[in-house]
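If you want the building blocks of each chain, they are given just below.
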Amino acid sequence: MKAVHYSSNPQRPELARAIRRLERDVLRMGALVEQSFRLSHQALFARNLTAAEELPRLDKKIDRFYRQIESDCTAIMTLQAPTAQDLRCLSAFMQLVRDLERIGDYAEDLAEIAIKIFPYAPHSSMPDIEAMSLHAQSMLATSLKALGDLDEAGGRRLKRLDDTVDDAYDRVYQTLAQQRDVPGVVEPIVLLALAIRCLERMADHATNIGQRVAYIVTGQRS
């Protein structure tokens, strides 16, 4: 993924360099979040518990990026007197890294669900839930590409893509909630309900990232 080319004030080269470093760090954090999402998918749908065990280590890296980027944004705002355009970019970065951090947290939650659900036979809704996960991962990739290209239209397109995940969530939730005569314990049903909620929220945060990209470009909030 290429780095963002944000047009900062050429008369402030030090500030421009600081913002470019931030841009690179945001994209590096995004790559780690994509990796965590892929691992959680492997854990839940390929029943790969080794992948699940990788998530806590990866989440620590994501959290370090999050704290560092927030700190760097704050330092630039308070010490380098950024322009209004620069402030818009910095504030959007601070918001979207929070979205990335939350996606990473949900990926870790999915890995924990994968470990708990491992002893049970796969539920009939798993193919639909896997499709949700793949779509949400595609949304995350789309949001990061929009960020890398500063693509306003690509960022706004996330809202339409999110409707697919919302519809799938409603459909699968109804299937789980209306299931009757469940043999044995209900734990796997509860765990799958939690899993689809995680995926729905991950898609929402990817949508938020797209909206923040549009804000960087236009200065208008949707």
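Residues numbered from 1 in each chain as written. Predicted model: local features only at pLDDT ≥ 70, side-chain atom pairs only at ≥ 80, totals over all residues. Heavy atoms only, no water.

Going by this rule: UniProt positions are given in the numbering used here, feature names are shortened, and annotations may be inferred rather than shown by experiment.
Identification of the chain as Phosphate-specific transport system accessory protein PhoU from Nostoc commune NIES-4072 is taken from an unreviewed UniProt entry. The Subcellular location (unreviewed entry) comment attached to the chain in UniProt states, word for word, "Cytoplasm".

Focus: the packing of helix H5 (residues 152–177) against helix H6 (residues 187–218)
Rules: Convention adopted: a line fitted to C-alpha atoms gives each axis, helices being fitted over their contacting stretch, and angles between N-to-C directions are expressed from 0 to 180 degrees. Put simply, DSSP H or I for four residues or longer makes a helix, DSSP E for two residues or longer makes a strand, and each gets a number counted from the N terminus. Any angle between 65 and 115 degrees counts as roughly perpendicular, while under 35 counts as roughly parallel, over 145 as roughly antiparallel, and the rest as oblique. Two helices that cross are described as forming a left-handed crossing if the nearer one is turned anticlockwise from the farther one by less than a right angle, and a right-handed crossing if clockwise. Think of it as three bins: nonpolar holds Ala, Val, Leu, Ile, Met, Phe, Trp, Tyr, Cys and Pro, charged holds Asp, Glu, Lys and Arg, and polar takes everything else, Gly as well.
Contact geometry of H5 with H6 gives a least axis separation of 8 Å together with a crossing angle of 165°. One finds that H5 runs roughly antiparallel with respect to H6. When the axes of H5 and H6 are compared, the crossing they make is left-handed. Taken together, the residues that form the contact of H5 with H6 break down as 15 nonpolar, 5 polar and 8 charged.

Examining the side chain of Gln137
Under the convention used in this document: Contacts between residues were defined by any pair of non-hydrogen atoms, one from each residue, lying within 4.5 Å.
Considering the arrangement of structural elements, one finds Gln137 in helix H4 (residues 126–149). Ignoring sequence-local partners within four residues, the contact set of Gln137 consists of Phe37, Arg38 and His41.

Comments concerning H4
Here is the rule we go by: Take the number of residues in a helix, subtract one, and multiply by 1.5 Å to get its expected span.
In this model H4 runs 34 Å from its N-terminal to its C-terminal C-alpha over 24 residues, within 8% of the 34 Å that 1.5 Å per residue would give. Following H4 by one or two positions, Leu150 has its phi on the positive side, about 45°.

Observations concerning helix H2 (residues 49–79)
Formally: Bend at a given residue is defined as the angle between two axes, one fitted to the seven residues that end at that position and one fitted to the seven that begin there. Each residue gets one of three labels from its accessible area relative to the maximum for its type: buried under 20%, exposed over 50%, partly exposed in between, using a 1.4 Å probe on protein chains only.
Across its 31 residues, H2 extends 46 Å between first and last C-alpha, which sits within 8% of the 45 Å expected from 1.5 Å per residue. The largest bend along H2 measures about 30° and falls at Pro56. Every buried residue of H2 is listed here: Ala51, Ala52, Leu55, Leu58, Asp59, Ile62, Asp63, Tyr66, Ile69, Cys73 and Ile76. On its buried face, H2 sits against helix H1 (13–45) and helix H3 (84–117). Looking one or two residues beyond H2, the residue adopting positive phi is Ala81, at roughly 45°.

Some words on unusual backbone geometry
At Arg47, a residue that is not glycine, the phi angle is positive and equals roughly 55°. In this structure, Ala81 takes a positive phi of about 45° despite not being glycine. In this fold, Ala81 is placed in the loop between H2 and H3. Residue classification places Ala81 among the exposed positions, given a relative accessible area of 57%.

Examining the pattern of salt bridges
Two side chains with opposite charge may pair up if their charged atoms get near one another. What counts is decided by this rule: A carboxyl oxygen of Asp or Glu within 4 Å of a side-chain nitrogen of Lys or Arg is what we treat as a salt bridge.
This structure, assessed with the given rule, holds 9 salt bridges. The shortest N-O distance in the salt bridge between Arg102 and Asp105 comes to 2.8 Å. Of this pair, Arg102 and Asp105 both sit in helix H3, 3 residues apart, which is roughly one turn of the helix. By relative accessible area, which is 16% here, Asp105 ends up buried. The partner of Arg201 in a salt bridge is Asp204, with the nearest N and O atoms 2.7 Å apart. You can see Arg201 and its partner Asp204 sitting in helix H6, 3 residues apart, about one turn around the helix. Under the relative-accessibility criterion, Arg201 is labelled partly exposed at 23%.

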